[in-house]
Amino acid sequence: MMLRRWMAAGLVAVATAGVLNAVPAAAERPYDPTAQSLRALGQRHGLYVGTAVDMAALADPAEPRYREIVRDEFSTVTAENVMKWESLEPTRGNYDWAAADELVATARRNGQKVRGHVLVWHSQLPKWLTDGVADGSIDNTELRSILRKHITTVASRYRGKIWQWDVVNEAVSDPWDTPSTLHYKGFWAEHLGPGYVADAFRWARAADPTALLFYNDYNIEAFGSGDPANDKTQFVYDMVKGLLARGVPIDGVGSQGHLGTQYGNYDTLQVADALHRFAGLGLSTAFTEVDVRSRLTDGVQAGDSEEINPRLQASAANFHVLLQACLAEPRCLSFTVWGFTDRHSWVPGTFDDPPQGLATIYDENYQPKRAYQVMKADLIYAGPPYVRMRATPKPRR
Ligand code: XIL
(Lines give C-alpha, C1' and ligand atoms only; values in the text may rest on other atoms or scores of the structure.)
Protein backbone atom coordinates (compact mmCIF):
# COMPACT_ATOMS: atom_id res chain seq x y z
CA MET A 1 0.00 0.00 0.00
CA MET A 2 2.71 2.39 1.02
CA LEU A 3 4.64 1.45 -2.04
CA ARG A 4 1.70 2.14 -4.36
CA ARG A 5 1.10 5.55 -2.77
CA TRP A 6 4.70 6.39 -3.16
CA MET A 7 4.62 5.37 -6.80
CA ALA A 8 1.50 7.43 -7.45
CA ALA A 9 3.11 10.44 -5.85
CA GLY A 10 6.14 9.86 -8.01
CA LEU A 11 4.01 9.83 -11.14
CA VAL A 12 2.34 13.07 -10.16
CA ALA A 13 5.73 14.61 -9.64
CA VAL A 14 6.87 13.49 -13.07
CA ALA A 15 3.68 14.71 -14.68
CA THR A 16 3.99 18.09 -12.97
CA ALA A 17 7.57 18.41 -14.11
CA GLY A 18 6.32 17.57 -17.59
CA VAL A 19 3.86 20.46 -17.53
CA LEU A 20 6.36 22.94 -16.21
CA ASN A 21 8.98 21.83 -18.63
CA ALA A 22 6.71 21.23 -21.60
CA VAL A 23 9.32 20.23 -24.16
CA PRO A 24 9.89 16.47 -23.98
CA ALA A 25 13.35 15.06 -24.52
CA ALA A 26 14.20 14.23 -28.12
CA ALA A 27 13.86 10.50 -27.49
CA GLU A 28 10.27 10.99 -26.25
CA ARG A 29 9.12 13.08 -29.20
CA PRO A 30 6.61 11.12 -31.24
CA TYR A 31 8.08 12.49 -34.45
CA ASP A 32 11.67 13.57 -34.71
CA PRO A 33 11.94 15.55 -37.91
CA THR A 34 15.71 15.59 -37.84
CA ALA A 35 15.69 11.83 -38.34
CA GLN A 36 13.64 12.15 -41.52
CA SER A 37 15.05 12.13 -45.04
CA LEU A 38 14.96 15.13 -47.34
CA ARG A 39 12.36 13.36 -49.45
CA ALA A 40 10.08 12.74 -46.45
CA LEU A 41 10.43 16.31 -45.25
CA GLY A 42 9.75 17.69 -48.73
CA GLN A 43 6.57 15.67 -48.95
CA ARG A 44 4.95 17.76 -46.22
CA HIS A 45 5.01 20.67 -48.69
CA GLY A 46 4.33 18.53 -51.77
CA LEU A 47 7.89 19.43 -52.78
CA TYR A 48 9.97 16.84 -54.61
CA VAL A 49 13.64 16.79 -53.66
CA GLY A 50 15.87 15.37 -56.36
CA THR A 51 19.35 14.54 -57.51
CA ALA A 52 21.14 14.01 -60.78
CA VAL A 53 22.28 10.40 -60.99
CA ASP A 54 25.63 9.25 -62.32
CA MET A 55 24.76 5.84 -63.77
CA ALA A 56 28.33 4.52 -63.45
CA ALA A 57 28.37 5.26 -59.72
CA LEU A 58 24.88 3.80 -59.33
CA ALA A 59 26.03 0.51 -60.86
CA ASP A 60 29.38 0.35 -59.03
CA PRO A 61 29.44 -2.58 -56.55
CA ALA A 62 32.01 -0.67 -54.48
CA GLU A 63 29.56 2.21 -53.94
CA PRO A 64 26.63 0.91 -51.85
CA ARG A 65 26.24 4.27 -50.06
CA TYR A 66 25.67 6.00 -53.38
CA ARG A 67 22.72 3.73 -54.13
CA GLU A 68 21.31 4.01 -50.61
CA ILE A 69 21.40 7.78 -50.55
CA VAL A 70 19.81 8.06 -54.00
CA ARG A 71 17.04 5.74 -52.82
CA ASP A 72 16.49 7.12 -49.34
CA GLU A 73 16.94 10.87 -49.60
CA PHE A 74 15.36 11.80 -52.93
CA SER A 75 11.91 11.66 -54.47
CA THR A 76 12.87 12.62 -58.03
CA VAL A 77 15.89 11.76 -60.15
CA THR A 78 17.50 13.17 -63.28
CA ALA A 79 19.94 11.35 -65.56
CA GLU A 80 23.17 13.34 -65.31
CA ASN A 81 24.20 12.25 -68.83
CA VAL A 82 22.48 9.15 -70.16
CA MET A 83 19.42 10.84 -71.70
CA LYS A 84 21.55 13.26 -73.70
CA TRP A 85 21.58 12.83 -77.46
CA GLU A 86 25.22 11.67 -77.72
CA SER A 87 24.46 8.89 -75.23
CA LEU A 88 21.16 7.82 -76.78
CA GLU A 89 22.12 7.85 -80.47
CA PRO A 90 25.90 7.46 -80.70
CA THR A 91 25.67 6.32 -84.33
CA ARG A 92 22.98 7.58 -86.64
CA GLY A 93 19.75 5.58 -86.45
CA ASN A 94 20.95 3.27 -83.64
CA TYR A 95 19.49 4.19 -80.30
CA ASP A 96 21.04 2.69 -77.18
CA TRP A 97 18.42 2.90 -74.47
CA ALA A 98 20.05 0.64 -71.87
CA ALA A 99 21.33 3.22 -69.37
CA ALA A 100 18.35 5.57 -69.69
CA ASP A 101 15.92 2.67 -69.27
CA GLU A 102 17.87 1.59 -66.20
CA LEU A 103 17.47 5.02 -64.62
CA VAL A 104 13.72 4.97 -65.26
CA ALA A 105 13.44 1.43 -63.85
CA THR A 106 15.46 2.36 -60.75
CA ALA A 107 13.22 5.37 -60.14
CA ARG A 108 10.16 3.18 -60.42
CA ARG A 109 11.56 0.71 -57.88
CA ASN A 110 12.38 3.57 -55.53
CA GLY A 111 9.00 5.27 -55.92
CA GLN A 112 10.60 8.34 -57.50
CA LYS A 113 9.57 10.69 -60.26
CA VAL A 114 11.87 11.32 -63.22
CA ARG A 115 12.96 14.65 -64.68
CA GLY A 116 13.84 13.98 -68.30
CA HIS A 117 17.04 15.75 -69.30
CA VAL A 118 17.37 16.77 -72.10
CA LEU A 119 15.68 16.86 -75.53
CA VAL A 120 17.35 19.88 -77.21
CA TRP A 121 20.73 21.29 -76.21
CA HIS A 122 23.73 22.51 -78.16
CA SER A 123 26.13 20.46 -76.07
CA GLN A 124 26.81 16.70 -75.89
CA LEU A 125 25.42 16.17 -79.39
CA PRO A 126 26.49 13.06 -81.32
CA LYS A 127 29.53 13.49 -83.55
CA TRP A 128 27.73 12.17 -86.62
CA LEU A 129 25.32 15.08 -86.30
CA THR A 130 27.77 17.92 -85.73
CA ASP A 131 30.21 16.50 -88.34
CA GLY A 132 27.41 16.12 -90.88
CA VAL A 133 26.39 19.74 -90.42
CA ALA A 134 29.98 20.93 -90.51
CA ASP A 135 30.82 19.12 -93.76
CA GLY A 136 27.55 20.10 -95.43
CA SER A 137 26.19 16.56 -95.79
CA ILE A 138 23.30 17.54 -93.48
CA ASP A 139 21.62 20.80 -94.61
CA ASN A 140 19.36 22.90 -92.40
CA THR A 141 16.13 21.42 -93.77
CA GLU A 142 17.32 17.93 -92.98
CA LEU A 143 18.65 19.10 -89.60
CA ARG A 144 15.18 20.31 -88.63
CA SER A 145 13.61 16.98 -89.51
CA ILE A 146 16.36 15.11 -87.63
CA LEU A 147 15.60 17.20 -84.54
CA ARG A 148 11.88 16.56 -84.86
CA LYS A 149 12.51 12.83 -85.19
CA HIS A 150 14.79 12.78 -82.16
CA ILE A 151 12.32 14.61 -79.91
CA THR A 152 9.48 12.40 -81.12
CA THR A 153 11.46 9.18 -80.65
CA VAL A 154 12.70 9.94 -77.15
CA ALA A 155 9.55 11.58 -75.77
CA SER A 156 7.42 8.74 -77.17
CA ARG A 157 9.59 6.03 -75.66
CA TYR A 158 9.22 7.49 -72.19
CA ARG A 159 5.63 8.70 -72.54
CA GLY A 160 3.89 8.45 -69.19
CA LYS A 161 7.19 7.85 -67.34
CA ILE A 162 8.58 11.36 -67.25
CA TRP A 163 7.25 13.96 -64.83
CA GLN A 164 9.06 16.99 -66.21
CA TRP A 165 10.98 17.16 -69.48
CA ASP A 166 13.74 19.69 -70.04
CA VAL A 167 12.66 20.27 -73.63
CA VAL A 168 15.08 23.08 -74.44
CA ASN A 169 18.23 23.74 -72.43
CA GLU A 170 20.46 26.84 -72.35
CA ALA A 171 19.18 28.60 -75.47
CA VAL A 172 20.11 32.08 -74.27
CA SER A 173 23.53 33.73 -74.19
CA ASP A 174 25.18 35.36 -71.17
CA PRO A 175 26.12 39.00 -70.65
CA TRP A 176 29.80 38.06 -70.96
CA ASP A 177 29.34 36.40 -74.37
CA THR A 178 30.27 38.04 -77.66
CA PRO A 179 28.22 39.75 -79.02
CA SER A 180 27.41 41.00 -75.57
CA THR A 181 23.74 41.84 -76.15
CA LEU A 182 21.68 38.85 -75.12
CA HIS A 183 20.72 36.59 -77.99
CA TYR A 184 19.69 33.06 -78.90
CA LYS A 185 22.97 31.18 -78.90
CA GLY A 186 24.38 27.87 -79.98
CA PHE A 187 24.15 25.22 -82.65
CA TRP A 188 20.35 25.10 -82.99
CA ALA A 189 19.78 28.85 -83.16
CA GLU A 190 22.62 29.21 -85.67
CA HIS A 191 21.17 26.62 -88.03
CA LEU A 192 17.43 26.77 -87.46
CA GLY A 193 16.88 30.26 -86.04
CA PRO A 194 15.13 30.95 -82.71
CA GLY A 195 11.89 29.35 -83.97
CA TYR A 196 13.31 25.94 -83.02
CA VAL A 197 12.34 26.63 -79.39
CA ALA A 198 8.59 26.74 -80.12
CA ASP A 199 8.88 23.81 -82.53
CA ALA A 200 10.60 21.69 -79.90
CA PHE A 201 7.82 22.22 -77.36
CA ARG A 202 5.12 21.43 -79.92
CA TRP A 203 6.88 18.25 -81.03
CA ALA A 204 7.45 17.16 -77.43
CA ARG A 205 3.80 17.73 -76.56
CA ALA A 206 2.64 15.76 -79.59
CA ALA A 207 4.76 12.81 -78.45
CA ASP A 208 3.97 13.01 -74.73
CA PRO A 209 0.67 14.54 -73.61
CA THR A 210 1.34 14.00 -69.89
CA ALA A 211 4.81 15.35 -69.08
CA LEU A 212 5.30 18.89 -67.85
CA LEU A 213 7.42 20.64 -70.48
CA PHE A 214 10.20 22.90 -69.19
CA TYR A 215 12.60 25.47 -70.53
CA ASN A 216 15.83 25.08 -68.49
CA ASP A 217 18.75 27.49 -68.08
CA TYR A 218 21.43 28.84 -65.72
CA ASN A 219 21.94 32.40 -64.48
CA ILE A 220 18.22 33.00 -64.19
CA GLU A 221 17.94 32.80 -60.40
CA ALA A 222 17.05 36.49 -60.02
CA PHE A 223 16.08 39.57 -61.98
CA GLY A 224 18.10 42.72 -62.06
CA SER A 225 21.62 41.35 -62.09
CA GLY A 226 23.53 44.21 -63.72
CA ASP A 227 22.44 46.20 -66.77
CA PRO A 228 18.68 45.80 -67.40
CA ALA A 229 19.20 45.47 -71.16
CA ASN A 230 21.49 42.58 -70.42
CA ASP A 231 19.38 40.81 -67.81
CA LYS A 232 19.25 37.14 -68.78
CA THR A 233 16.34 36.40 -66.43
CA GLN A 234 14.34 39.18 -68.11
CA PHE A 235 15.22 37.79 -71.55
CA VAL A 236 14.01 34.33 -70.57
CA TYR A 237 10.90 35.83 -68.97
CA ASP A 238 10.06 37.70 -72.18
CA MET A 239 10.80 34.61 -74.23
CA VAL A 240 8.46 32.30 -72.29
CA LYS A 241 5.79 35.01 -72.13
CA GLY A 242 6.00 35.21 -75.93
CA LEU A 243 5.77 31.43 -76.26
CA LEU A 244 2.66 31.36 -74.07
CA ALA A 245 1.07 34.20 -76.06
CA ARG A 246 1.54 32.11 -79.20
CA GLY A 247 -0.07 29.05 -77.61
CA VAL A 248 3.16 27.05 -77.33
CA PRO A 249 2.72 24.19 -74.82
CA ILE A 250 5.29 25.19 -72.21
CA ASP A 251 4.56 24.33 -68.57
CA GLY A 252 7.56 25.51 -66.65
CA VAL A 253 10.91 27.20 -66.30
CA GLY A 254 13.78 25.31 -64.72
CA SER A 255 16.42 27.36 -63.00
CA GLN A 256 19.59 25.26 -62.89
CA GLY A 257 21.13 26.92 -59.84
CA HIS A 258 24.81 26.34 -60.52
CA LEU A 259 26.29 28.87 -58.11
CA GLY A 260 29.74 29.64 -56.76
CA THR A 261 30.72 31.12 -53.42
CA GLN A 262 33.24 33.41 -55.12
CA TYR A 263 30.51 35.31 -56.96
CA GLY A 264 27.95 37.73 -55.61
CA ASN A 265 25.35 35.75 -53.75
CA TYR A 266 21.61 36.20 -53.96
CA ASP A 267 19.21 36.65 -51.11
CA THR A 268 16.00 34.69 -50.63
CA LEU A 269 13.66 37.57 -51.41
CA GLN A 270 15.30 38.25 -54.77
CA VAL A 271 15.10 34.63 -55.80
CA ALA A 272 11.54 34.21 -54.51
CA ASP A 273 10.56 37.31 -56.50
CA ALA A 274 11.83 35.71 -59.71
CA LEU A 275 9.91 32.50 -59.00
CA HIS A 276 6.75 34.47 -58.21
CA ARG A 277 7.05 36.36 -61.49
CA PHE A 278 7.38 33.20 -63.57
CA ALA A 279 4.47 31.72 -61.64
CA GLY A 280 2.52 34.89 -62.44
CA LEU A 281 2.69 33.89 -66.10
CA GLY A 282 0.96 30.64 -65.19
CA LEU A 283 4.16 28.58 -65.28
CA SER A 284 5.58 26.11 -62.83
CA THR A 285 9.18 26.44 -61.76
CA ALA A 286 11.85 24.14 -60.39
CA PHE A 287 15.45 24.25 -59.32
CA THR A 288 16.94 21.62 -61.55
CA GLU A 289 20.73 21.40 -61.09
CA VAL A 290 21.73 23.03 -57.83
CA ASP A 291 25.32 22.99 -56.68
CA VAL A 292 27.47 25.69 -55.10
CA ARG A 293 31.14 25.40 -55.89
CA SER A 294 34.16 27.06 -54.29
CA ARG A 295 37.74 27.78 -55.22
CA LEU A 296 40.05 25.02 -54.02
CA THR A 297 42.82 27.33 -52.89
CA ASP A 298 46.18 25.98 -51.75
CA GLY A 299 44.93 26.39 -48.19
CA VAL A 300 41.75 24.41 -48.89
CA GLN A 301 43.76 21.66 -50.53
CA ALA A 302 46.14 21.57 -47.56
CA GLY A 303 43.16 21.09 -45.22
CA ASP A 304 43.32 24.53 -43.58
CA SER A 305 40.03 24.89 -41.70
CA GLU A 306 40.26 28.69 -41.76
CA GLU A 307 39.89 28.48 -45.52
CA ILE A 308 37.55 25.51 -45.68
CA ASN A 309 34.94 26.52 -43.10
CA PRO A 310 33.88 29.84 -44.61
CA ARG A 311 33.45 28.09 -47.96
CA LEU A 312 31.28 25.37 -46.49
CA GLN A 313 29.21 28.04 -44.76
CA ALA A 314 28.86 30.12 -47.90
CA SER A 315 27.93 27.09 -49.94
CA ALA A 316 25.28 26.08 -47.39
CA ALA A 317 23.92 29.64 -47.36
CA ASN A 318 23.37 29.50 -51.11
CA PHE A 319 21.57 26.15 -50.94
CA HIS A 320 19.42 27.72 -48.23
CA VAL A 321 18.56 30.78 -50.32
CA LEU A 322 17.45 28.72 -53.32
CA LEU A 323 15.50 26.18 -51.27
CA GLN A 324 13.78 28.76 -49.10
CA ALA A 325 12.78 30.75 -52.19
CA CYS A 326 11.43 27.59 -53.79
CA LEU A 327 9.41 26.80 -50.66
CA ALA A 328 7.97 30.32 -50.79
CA GLU A 329 6.42 29.77 -54.23
CA PRO A 330 3.75 27.04 -54.40
CA ARG A 331 4.41 26.59 -58.12
CA CYS A 332 8.03 25.64 -57.43
CA LEU A 333 7.57 21.90 -57.78
CA SER A 334 10.98 20.40 -57.20
CA PHE A 335 14.47 21.08 -55.93
CA THR A 336 17.13 18.95 -57.59
CA VAL A 337 20.82 18.92 -56.72
CA TRP A 338 23.35 18.19 -59.48
CA GLY A 339 24.90 15.23 -57.74
CA PHE A 340 24.82 14.92 -53.97
CA THR A 341 28.39 13.98 -53.09
CA ASP A 342 31.75 15.59 -53.80
CA ARG A 343 32.91 12.09 -54.67
CA HIS A 344 30.88 12.17 -57.89
CA SER A 345 30.49 15.80 -58.86
CA TRP A 346 31.07 17.27 -62.31
CA VAL A 347 32.63 20.39 -60.77
CA PRO A 348 36.31 19.42 -60.27
CA GLY A 349 36.51 17.91 -63.76
CA THR A 350 34.89 20.92 -65.43
CA PHE A 351 36.09 23.92 -63.44
CA ASP A 352 39.78 23.16 -63.11
CA ASP A 353 41.43 26.47 -63.97
CA PRO A 354 41.49 27.57 -61.19
CA PRO A 355 40.47 24.35 -59.42
CA GLN A 356 36.99 24.33 -57.89
CA GLY A 357 35.00 21.84 -55.85
CA LEU A 358 33.16 21.33 -52.53
CA ALA A 359 29.94 21.96 -54.46
CA THR A 360 27.54 19.34 -53.09
CA ILE A 361 25.71 18.49 -49.87
CA TYR A 362 27.75 15.39 -48.84
CA ASP A 363 31.52 15.18 -48.68
CA GLU A 364 33.61 12.60 -50.52
CA ASN A 365 32.99 10.06 -47.76
CA TYR A 366 29.24 10.48 -47.87
CA GLN A 367 29.14 12.53 -44.69
CA PRO A 368 26.38 15.16 -44.80
CA LYS A 369 27.80 18.66 -44.91
CA ARG A 370 26.40 21.86 -43.44
CA ALA A 371 24.47 22.38 -46.70
CA TYR A 372 22.57 19.14 -46.09
CA GLN A 373 21.62 20.19 -42.55
CA VAL A 374 20.55 23.59 -43.76
CA MET A 375 18.28 22.03 -46.39
CA LYS A 376 16.80 19.80 -43.76
CA ALA A 377 16.14 22.71 -41.41
CA ASP A 378 14.54 24.70 -44.23
CA LEU A 379 12.16 21.83 -44.93
CA ILE A 380 11.36 21.34 -41.24
CA TYR A 381 10.84 24.93 -40.14
CA ALA A 382 8.54 25.93 -42.96
CA GLY A 383 4.78 25.90 -43.26
CA PRO A 384 1.66 28.00 -43.66
CA PRO A 385 0.91 30.79 -44.21
CA TYR A 386 4.02 31.62 -46.22
CA VAL A 387 5.00 28.13 -47.27
CA ARG A 388 2.06 26.28 -48.72
CA MET A 389 1.40 22.97 -50.41
CA ARG A 390 2.64 22.84 -54.01
CA ALA A 391 -0.03 23.49 -56.66
CA THR A 392 -0.22 20.56 -59.07
CA PRO A 393 -0.53 21.83 -62.63
CA LYS A 394 -2.12 20.19 -65.65
CA PRO A 395 0.09 19.89 -68.73
CA ARG A 396 -0.68 22.68 -71.19
CA ARG A 397 -2.06 21.63 -74.60
C1 XIL B 1 27.14 18.03 -67.14
C2 XIL B 1 27.44 16.69 -66.48
O3 XIL B 1 27.30 16.84 -65.09
C4 XIL B 1 28.84 16.24 -66.82
O5 XIL B 1 29.07 14.93 -66.32
C6 XIL B 1 29.04 16.27 -68.32
O7 XIL B 1 30.39 15.95 -68.63
C8 XIL B 1 28.71 17.63 -68.89
O9 XIL B 1 27.38 17.97 -68.52
N10 XIL B 1 24.10 22.13 -67.46
C11 XIL B 1 23.36 21.03 -67.82
C12 XIL B 1 23.87 19.67 -67.51
O13 XIL B 1 22.22 21.19 -68.29
O14 XIL B 1 23.45 18.71 -68.45
C15 XIL B 1 25.38 19.65 -67.37
O16 XIL B 1 25.77 18.35 -66.94
C17 XIL B 1 25.83 20.72 -66.41
C18 XIL B 1 25.43 22.08 -66.90
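As the structure is a computational prediction, the values presented were derived from the model and not from experiment.

## Comments concerning the overall build of the protein
Point 1. Within the protein one finds 16 helices and 10 strands.
Point 2. A compact globule built from 397 residues would reach a C-alpha radius of gyration of about 21 Å, and the protein, at 24 Å, matches this within 12%.
Point 3. With respect to the three principal axes, the spread of C-alpha positions in the protein is 100 × 50 × 50 Å.
Point 4. Relative to its 397 residues, the protein shows a buried fraction of 51%.
Point 5. Considering only intrachain contacts with a sequence separation of at least 6, the fraction spanning at least 24 residues in the protein is 79%.
Point 6. Per element, the accessible surface of the protein, about 18,200 Å² overall, is 54% carbon and sulfur.
Point 7. Here the protein contributes 41 positively and 46 negatively charged side chains, and the mean placements of these two sets differ by 11 Å.

## Some words on the side chain of Q112
Point 1. Relative to the helices and strands, Q112 resides in the loop between α6 (98-110) and β3 (113-120).
Point 2. Taking relative accessible area as the criterion, Q112 reaches 9% and is therefore assigned buried.
Point 3. A polar contact of 3.2 Å, which involves the side chain of Q112, links it to the side chain of N110.
Point 4. In this structure, Q112 is in contact with R39, V70, R71, F74, S75, T76, V77, T106 and A107, ignoring residues within four places of it in sequence.

## As for the state of the cysteines
Point 1. Per the counting criterion, the structure on display carries 1 disulfide.
Point 2. A sulfur-sulfur distance of 2.1 Å marks the disulfide that ties C326 to C332. Residues C326 and C332 share a disulfide whose torsion about the S-S bond is about -95°; that sign makes it left-handed. Note on accessibility: C326 and C332 belong to one class, buried.

## Describing the confidence of the model for the protein
Point 1. Confidence in the prediction of the protein, expressed as mean pLDDT, is 93, and 92% of residues score 70 or more.
Point 2. When pLDDT is averaged over each element of the protein, strand β4 (residues 164-169) comes out on top at 99 and helix α1 (residues 2-20) at the bottom at 42.
Point 3. For the stretch residues 1-19, pLDDT sits under 50, and the model shows 0 contacts to residues farther than four places along the chain or on other chains.

## Observations concerning the site of the ligand
Point 1. Inspection of the region around the ligand gives 13 residues, with E80, K84, H117, N169 and E289 positioned closest.
Point 2. Between the ligand and H117 there is a distance of 2.7 Å, counted from an oxygen atom to a side-chain nitrogen or oxygen.
Point 3. E289 has a polar side-chain atom sitting 2.8 Å from an oxygen atom of the ligand.
Point 4. The protein chains hide 80% of the 420 Å² of surface that the ligand would expose on its own.
Point 5. Residue classes in the shell around the ligand are distributed as 3 nonpolar, 6 polar and 4 charged.

## Topic: α6
Point 1. With 13 residues, α6 should reach 18 Å at 1.5 Å per residue; the first-to-last C-alpha distance of 18 Å fits that figure.
Point 2. Those residues of α6 lying buried are A100, L103, V104, T106, A107 and N110. Seen along its axis, α6 keeps its buried residues to an arc of 160°; they face one direction. Structural note: α6 exposes A98, R108 and R109 on the side pointing more than 90 degrees away from its buried face.
Point 3. Immediately downstream of α6, the backbone of G111 shows phi near 65°, a positive value.

## Re the nonpolar core
Nonpolar side chains in soluble globular proteins generally cluster together in the buried interior.
Point 1. Judged by nonpolar contacts, the single largest core of 103 residues is most densely connected at W165 and F335.
Point 2. Residues contacting F335, with those up to four places away along its chain left out, are L47, Y48, V49, G50, F287, V290, F319, L322, L323, C326 and M375.
Point 3. With 5 residues, the next largest nonpolar core counts W163, L212, F214 and L333 among its residues.

## Side note on the pattern of salt bridges
Point 1. Going through the model one piece at a time under the given rule, you end up with 15 salt bridges.
Point 2. For D101, the salt bridge goes to R157, with nearest N and O atoms at 2.6 Å. Residue D101 is found in helix α6, and its partner R157 is found in helix α8 (residues 140-157); the two are separated by 56 residues along the sequence.
Point 3. The class of D101 is partly exposed, set by a relative accessible area of 26%.
Point 4. The exposure class of R157 is partly exposed, given its relative accessible area of 37%.

Rules used in this analysis
- Residues numbered from 1 in each chain as written.
- Predicted model: local features only at pLDDT ≥ 70, side-chain atom pairs only at ≥ 80, totals over all residues.
- Heavy atoms only, no water.
- Helix = DSSP H or I, 4+ residues; strand = E, 2+ residues; numbered from the N terminus.
- Rg over C-alpha atoms; globule rule 2.2 N^0.38 Å.
- Buried < 20%, exposed > 50% of the residue type's maximum accessible area, 1.4 Å probe, protein only.
- Contact = heavy atoms within 4.5 Å.
- Areas by Shrake-Rupley, 256 points an atom, 1.4 Å probe, with all protein chains shown as cover.
- Lys, Arg positive; Asp, Glu negative; His and termini not counted.
- Charge placed at Lys NZ, Arg CZ, Asp CG, Glu CD.
- Polar contact = N/O pair within 3.5 Å; in protein donor to acceptor, adjacent residues only side chain to side chain.
- Disulfide = S-S within 2.5 Å.
- pLDDT = per-residue confidence, 0-100.
- Near = heavy atom within 4 Å.
- Nonpolar A, V, L, I, M, F, W, Y, C, P; charged D, E, K, R; others polar.
- Expected span 1.5 Å × (residues − 1).
- Arc of directions from axis to C-beta.
- Core = buried A, V, L, I, M, F, W, Y, C linked by side-chain atoms within 4.5 Å.
- Salt bridge = Lys/Arg side-chain N within 4 Å of Asp/Glu carboxyl O.

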